[in-house]
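# Chains, contacts and geometry: an overview
Residues per chain are reported as follows:
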Amino acid sequence: MSTGTGELSAPGHNPHPADRTTRAPHRAAGGTFASLKVRNYRLFFTGAIVSNTGTWMARITQDWLVLSLTGSAAAVGVTTALQFLPMLLFGLYGGVIADRYPKRRLLVLSQGALGLCGIALAVLTLSGHVQVWHVYLVAFLLGMVTVVDNPARQSFVSEMVGPDQLRNAVSLNSANFQSARLVGPAVAGLLIASVGSGWAFLVNGLSFLAPLAALLMMRPAELHPTARVPRGKGQLREGLRYVAGRPDLIWPIALVGFIGTFGFNFPIWLTAFADGVFHVGPGMYGLLNTLMAVGSLAGALLSARRGTSRLRLLIGAAAVFGVLEIAAAMSPGFWLFTLLLVPIGMFGLTVNVTANSFVQLATDPEMRGRVMSLYMMVFAGGTPLGAPLLGWVTDTYGARVGFATGGAVSLAAAVVIGALLSRSTGLRMRVELRPGRRVRHPQVRFVPRAGREGREEGARLAATA
């Protein structure tokens, strides 16, 4: 990776992000797929399609294998928790590493390690010796690798495309991941039913050859490198102090933390609904994941067309996401349940992309690895707490209660954090009925508070909200 200043990797620090978003166009410059014009990002995107497909195959296979070995939704939750526990324990240190070392080199190492984990689980399963503790161990090892892989991969996006295309590239990354989700679960279901789980794990392990090849084929001279932070004391505390002084970063990160911890436990809920409520097999379980991916892909592509990341979109999407989860939990029939998964996927992805791009664009380049590691620690690191808890609720009170609980917490978080965010930025939240083509529909808006101080602060942040 080439060296140089970080001035081109992202916009400089702006304490009032609204000043930037008010000048942004409604849609990303160059259209929905603008970032793919950049050769390095195009290579990255292509390699990710292959590995993401394998990853989704492994996720579905892992959940079904644990359920088959134990018969417990809580055991699926434990597996998920172990995979995300390292992010909770060590996630911030991963951000320090990502800021300190060349990100492309880190990704070569981490992607190779992820492939080896997949191959190890394939060997255990194909040999007939797999036990649930093997799956637990591999899940934990995968989590250890992602501690470094996640912040390095998140912040490397800006080095490939530069600040102008960052939001578009973040959205296309999500579209890439969700496109693979359309194929991976379906293929996994077929493989499980026909030849067994081991082959799905093997395909996943080999799929990491594609991103490795893409990283090695990149042209370092065409990157927008960030100046690496030299080794020193207090870098972790420096990152925490940086975020603590930025309410515009704290509250979006807190919101995705609540939703990631309580609202994104789909491995638990979908296995429980498929097996215990609707009594369908692995093929239909794969269909449930595929339908969620359809909605997520739609949300990612819509996000790629937007030129700005607005707080009111983040809060509104989070609230709708919670309401839809509650509605799906109460769904009386299988097909209504499956149809509701599409908008759940769309609004869940909108929350993630909007928060991710907003936080990245509002962060100084030299702090981005540490800030994104905190973002991922809060978003994914809460899973070790939420997954076992909601797995226990699902086992004890049923899948419907477990799913509804996650939706209720997500809805409450959106309402409370929306109110706190409006107070900290000198705005207030207002729900208006706007006329549509046929009916009046509600719209969440943030408007300046009364008083001189509120008006001045609100004027700076209203466009962001």
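All of the points below concern the structure found in this document. Predicted, not measured: the structure shown is a model, and the values here were computed from it. (Residues numbered from 1 in each chain as written. Predicted model: local features only at pLDDT ≥ 70, side-chain atom pairs only at ≥ 80, totals over all residues. Heavy atoms only, no water.)

### What to know about helix α16 (residues 383-397)
The cut-off we apply is this: Strands here mean DSSP runs of E at least two residues long; helices mean DSSP runs of H or I at least four residues long; both are numbered from the N terminus. Multiplying 1.5 Å by the helix residue count minus one yields the expected span of that helix. Only protein chains enter the accessibility calculation, which uses a 1.4 Å probe; a residue whose area is less than 20% of its type maximum is buried, one above 50% is exposed, and one in between is partly exposed.
Across its 15 residues, α16 extends 20 Å between first and last C-alpha, which sits within 8% of the 21 Å expected from 1.5 Å per residue. Within the sequence span of α16, burial applies to T383, P384, G386, A387, L390, G391, V393 and T394. G398 lies just past α16 and shows a positive phi near 105°.

### Points about the nonpolar core
Rule in force here: Definition of nonpolar core: a set of buried residues of the types Ala, Val, Leu, Ile, Met, Phe, Trp, Tyr and Cys, connected through side-chain atoms within 4.5 Å. Note that the domain bounds reflect an automated or database-derived domain assignment. In what follows, a contact means two residues having at least one pair of non-hydrogen atoms within 4.5 Å.
One finds L255, F266, L270, F337, I344, Y375 and F403 to be the most contacted residues of the largest nonpolar core, which totals 84 residues. A total of ten residues in this core trace back to one element, the largest contributor, which is helix α13 (residues 311-329). Counting only domains with at least three residues in this core, you end up with domain 1 (35-222) and domain 2 (235-429). With residues up to four places along the chain from it excluded, the contact list for F337 reads L270, F273, F278, L288, A328, S331 and F403. One finds L43, A169, A300 and V353 within the second-largest nonpolar core, a separate group that totals 28 residues.

### Things to note about the packing of aromatic side chains
Convention followed: Here the aromatic set is Phe, Tyr and Trp, taking the six-membered ring for Trp, and pairing holds for ring centres within 6.5 Å; pairs whose planes are under 30 degrees apart are stacked, those over 60 apart are edge-to-face, and all others are tilted. Sitting over a ring, as applied to charges here, requires NZ of Lys or CZ of Arg to be within 6 Å of the ring centre and within 35 degrees of the ring normal.
One pass over the structure, following the stated rule, counts 18 aromatic pairs. Taking the centre distance of 6.5 Å and the plane angle of 85° together, the rings of F266 and F321 count as edge-to-face. Here F321 lies in helix α13 and F266 lies in helix α11 (residues 266-277), a separation of 55 residues in the sequence. Through pairs of rings, three or more aromatic residues link up here, namely F264, F266, W269, F273, F278, F321, F334, W335, F337 and F403. Stacked on the ring of W56, the Lys or Arg R59 has its end atom at 5.0 Å from the ring centre.

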